[in-house]
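Residues per chain are reported as follows:
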Amino acid sequence: MARTALVTGGSRGIGAAISKALKAEGYNVAATYAGNDEAAASFTAETGIATYKWNVANYEESAAGIAKVEAEIGPIDVVVANAGITRDAPFHKMTPEQWHQVIDTNLTGVFNTVHPIWPGMRERKFGRIIVISSINGQKGQFAQVNYAATKAGDLGIVKSLAQEGARAGITANAICPGYIGTDMVMAVPEKVRDSIIAQIPTGRLGEPEEIARCVAFLASDDSGFINGSTISANGAQFFV
Ligand code: CAA
């Protein structure tokens, strides 16, 4: 029977590529989105992938949304915690609001997404948890104290979940994409973006599909012994 995968932020950017790749691998896929109804509707029309709207920063909304997905599609076997935002500002200008928005969505959002799914994975003795972190959680980034903190936090989450889930057939891993050609990176001022690309030895931005292929591998049965690890996909920009 086909497995079910949930991808948060799964209708745009890296998330959309992940949703499509998992569908191509034969999963029943549910993609969540936070606000852009139009983008989600055209994504569903184009791909046939069901979309669900909720705010990952809200635990009750997440739990209710996950219950709906499980009732309509099936118990979630693979969860890809991908939803994330940036509110970049140099630290001396960063507001508490910018701090909390990013923490609530990118870090608490991972808790809110995985926690309601976890008991079912433990019962069924199978699960794949894949968290989309970032190169900037590994190396830090000017103007991203908030974002880098969340992405470093993701690595702590997967290393801890890996230890708790291992005996129950659950793996938890992180992917740290470098700079990928998505709306998020295209929103960086052009001059800054050009200077970033100049620091990538591969000489280009990554493609969302390059991250999606990492996810498909980590989701598969073949990756059962890979647990608590971090895959860096950054064009040789940074080594841990
Ligand atoms: N390193 C060192 N200095 C930098 C810098 C950097 N990476 N980026 C900017 N600066 C400097 C500027 O040169 C400028 O210096 P001067 O004042 O001496 O000219 C100063 O910092 C900028 O100060 P401002 O007060 O003008 O800054 P601002 O309030 O207008 O903010 C910014 C500008 C938000 C920092 C903008 O430059 C920016 O967006 N930078 C990109 C940050 C970034 O890389 N974000 C990653 C987004 S992609 C992502 O997050 C996906 C992923 O996972 C990889």
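Just above, that's the structure.
Description of the structure in this document. These numbers were taken from a predicted model, which means no experiment stands behind them.

Considerations on the sheet that holds strand β5 (residues 127-132)
Thinking step 1. Taken together, the seven strands give an open sheet; going across it, the order is β3-β2-β1-β4-β5-β6-β7, and neighbouring strands pair in parallel fashion. At either margin of the open sheet sits one strand with a lone partner, and together these are β3 (50-53) and β7 (230-233). Sheet twist, expressed as the average angle between the axes of neighbouring strands with direction ignored, equals 20°.
Thinking step 2. Of the strand pairs in this sheet, strand β6 (residues 170-177) and β7 are connected by four bridges, and their pairing is parallel. From the neighbouring strand, Ile 175 faces β7, where its bridge partner is Ile 231.
Thinking step 3. Seen against the sheet, helix α4 (residues 96-114) touches β1 (4-7), β4 (76-81) and β5 and runs at an angle of roughly 175° to β4.

As for the pattern of salt bridges
Thinking step 1. Using the criterion set out here, one finds six salt bridges in the structure.
Thinking step 2. A salt bridge links Asp 37 to Lys 53, with the shortest nitrogen-to-oxygen separation between them at 3.1 Å. On the criterion of sequence distance, the pair formed by Asp 37 in helix α2 (residues 37-47) and Lys 53 in strand β3 is long-range, its members being 16 residues apart.
Thinking step 3. For Asp 37, a relative accessible area of 41% gives the class partly exposed.

Focus: the site of the ligand
Thinking step 1. Taken together, 19 residues surround the ligand, and among them Asp 88, Lys 93, Ser 134, Gln 144 and Tyr 147 come closest.
Thinking step 2. At 2.9 Å, a side-chain N or O of Gln 144 approaches an oxygen atom of the ligand.
Thinking step 3. Between the ligand and Tyr 147 there is a distance of 2.6 Å, counted from an oxygen atom to a side-chain nitrogen or oxygen.
Thinking step 4. Expressed as a share of its isolated accessible area of 1100 Å², the protein-covered part of the ligand is 57%.
Thinking step 5. Secondary structure elements with two or more residues in the shell around the ligand: α8 (183-186) and α9 (190-198).
Thinking step 6. A per-class count over the shell around the ligand returns eleven nonpolar, six polar and two charged.

Thresholds, definitions, all that
Here the residue numbers are simple positions, counted from 1 along each chain's written sequence. A pLDDT threshold of at least 70 governs which residues receive local features in this predicted model, and a stricter bar of 80 or more applies before side-chain atom pairs are shown or counted, although totals over entire chains, interfaces and linings include all residues. The side-chain numbers reported here are obtained from all heavy atoms of the structure, hydrogens and water having been left aside. For two strands to count as paired, DSSP must find a minimum of two bridges between them. Every helix listed is a DSSP run of H or I at least four residues long, and every strand listed is a run of E at least two residues long, numbered separately from the N terminus. Helix axes are fitted only over the stretch in contact, all axes being lines through C-alpha atoms; the angle between N-to-C directions runs from 0 to 180 degrees. The contact rule is simple, with two residues in contact once any of their heavy atoms fall within 4.5 Å. The salt bridge criterion pairs a side-chain nitrogen of Lys or Arg with a carboxyl oxygen of Asp or Glu, the two atoms within 4 Å. Using a 1.4 Å probe on the protein chains alone, a residue whose accessible area is under 20% of its type maximum counts as buried, one over 50% counts as exposed, and one in between counts as partly exposed. For this description, a residue counts as near a given molecule or strand if any of its non-hydrogen atoms is within 4 Å of it. Within 3.5 Å is the distance limit for a polar contact, defined as a pair of N or O atoms, with the added protein rule that one can donate a hydrogen and the other accept it, and that residues adjacent in sequence qualify only through two side-chain atoms. Accessible surface is estimated by sampling points in the Shrake-Rupley manner with a 1.4 Å probe; for residues, cover comes only from the protein chains shown. Three classes are used: nonpolar for Ala, Val, Leu, Ile, Met, Phe, Trp, Tyr, Cys and Pro, charged for Asp, Glu, Lys and Arg, and polar for all others, with Gly counted as polar.

Keep in mind that these numbers describe shape and distance, not what the molecule does.
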